[in-house]
Amino acid sequence: MSHNLSEDTSLPISCPSCGYPISLRYCSRCGEERLRPELRSVFYLLKQFLEDITSVDGKIGSTLQLMLLKPGQFELNFYQGRRVDFLRPITFFLLINVLFVFLSPITDFYVTFVDQLTLQPYSGWIKEWTLNKIAAMGATPNEFKVHYDQLVKVLARSLIILQVPIFAVFSYFICYRKSYYFADHLIFSLNLHAWLLIWIVAAQVPEWVILTFADLFGFRESVAGIYFLLLPIGLIAYMAAALRRFWRFNWWSVAIRVVALMFAFQVAHSIFRLTQFFLTFYMVQMPEMNI
Ligand SMILES: [Zn+2]
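Just so we're clear, the structure is a prediction, and the values are computed from it rather than from any experiment.

Caption draft 1: The overall build of the protein chain, seen in detail. Of regular secondary structure, the protein chain possesses 11 helices and 2 strands. Compactness check: the protein chain gives a C-alpha radius of gyration of 26 Å against a globular reference of 19 Å for 291 residues, more than 25% above the reference. Taken over the C-alpha atoms alone, the protein chain extends approximately 75 × 60 × 50 Å along its principal axes. In the protein chain, buried positions account for 40% of the 291 residues. Of the contacts made within the protein chain by residues no fewer than 6 positions apart, 68% connect residues no fewer than 24 positions apart. Separation of charge centres in the protein chain, based on 24 positive and 20 negative side chains, amounts to 10 Å.

Caption draft 2: Structural view of the pattern of salt bridges. On inspection of all chains with the given rule, the structure shows 5 salt bridges. Notably, a salt bridge pairs E33 with R25, separated by 3.1 Å at the nearest N-O pair. Where salt bridges share partners, they join R25, E33, R36 and E38 into one cluster.

Caption draft 3: Region of the structure containing the coordination of the zinc ion. The coordination sphere of the zinc ion contains the protein donors C15 (SG), C18 (SG), C27 (SG) and C30 (SG), at a distance range of 2.3 to 2.4 Å. One can describe the donor arrangement at the zinc ion as tetrahedral, given that its 4 donor atoms subtend angles of 105 to 114° at the metal.

Rules used throughout
Residues numbered from 1 in each chain as written. Predicted model: local features only at pLDDT ≥ 70, side-chain atom pairs only at ≥ 80, totals over all residues. Heavy atoms only, no water. Helix = DSSP H or I, 4+ residues; strand = E, 2+ residues; numbered from the N terminus. Rg over C-alpha atoms; globule rule 2.2 N^0.38 Å. Buried < 20%, exposed > 50% of the residue type's maximum accessible area, 1.4 Å probe, protein only. Contact = heavy atoms within 4.5 Å. Lys, Arg positive; Asp, Glu negative; His and termini not counted. Charge placed at Lys NZ, Arg CZ, Asp CG, Glu CD. Salt bridge = Lys/Arg side-chain N within 4 Å of Asp/Glu carboxyl O. Donors = N, O, S within 2.8 Å, 3.2 Å for Na, K, Ca; no water. Tetrahedral: all angles 85-135°; square planar, octahedral: opposite > 155°, others 65-115°.

In short, geometric facts, not functional conclusions.
Next up, the structure:
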């Protein structure tokens with residue numbers, strides 16, 4: 001018979017998880033609950049499961065609400081140490097990223113083989129190198145293209161996180177403030193990208209409203225591409241609000257920095273596309289290759 005199972009909480013025991021003495025119901029060092037017979041019941045297992053789900057659920061809700069209603073507040077809370085009621089920024093980002101993989105209406109995060117070699121700012125620089133490499137494999141560009149495009153579709157959406165630290169480096173210089181660490185810029189970048197993934201899906205609502213309205217009054221052609229105008233507007237709105245609320249810049253300063261950040265976003269996105277190209281390039285397995 002183990003005295004650990006005793007219901008008598010007046011007997012001190014040592015914590016099974018960390019070895020610290022427990023004199024009451026919970027370990028004061030690691031939070032472990034003292035083992036009692038009812039902690040081994042099916043009812044208790046179910047109850048804990050429900051508690052875990054609703055606590056994550058509640059945190060998703062409060063994090064999402066904060067991000068949507070007060071951009072920059074999530075960063076500020078984290079910075080000031082108010083963290084327990086919210087998901088960690090990285091967890092929140094990955095969760096949104098997983099949802100995005102299933103829900104995204106656009107394909108902007110992956111770039112096809114032909115577009116990589118023709119439309120990107122760095123296309124001229126990589127084209128010859130790529131074609132030589134493919135020739136050395138004994139494949140034709142057309143054969144390679146088929147395999148590349150299949151793989152990049154799957155890969156690109158899970159690689160989005162690569163863009164986050166790149167943008168954070170730019171943000172560190174553009175929004176430099178003495179009392180903020182690089183990690184604060186990384187969190188800003190994580191949240192901005194999480195917001196962008198949400199907005200890419202959510203912007204279909206205002207798009208639908210505008211298009212419906214345009215249909216009624218017969219000016220559909222002039223607003224056909226409205227979705228691709230809504231995307232940068234959403235990005236700018238989040239940046240401006242976060243710069244004001246989290247970084248506490250005045251409005252003039254916000255305006256100048258938003259312009260610089262939008263430019264930095266484009267550069268970060270190009271670097272992301274180039275990285276995506278090389279990663280996919282080296283991961284393509286040509287079936288007829290026998291080396
Ligand atoms: Zn303990």
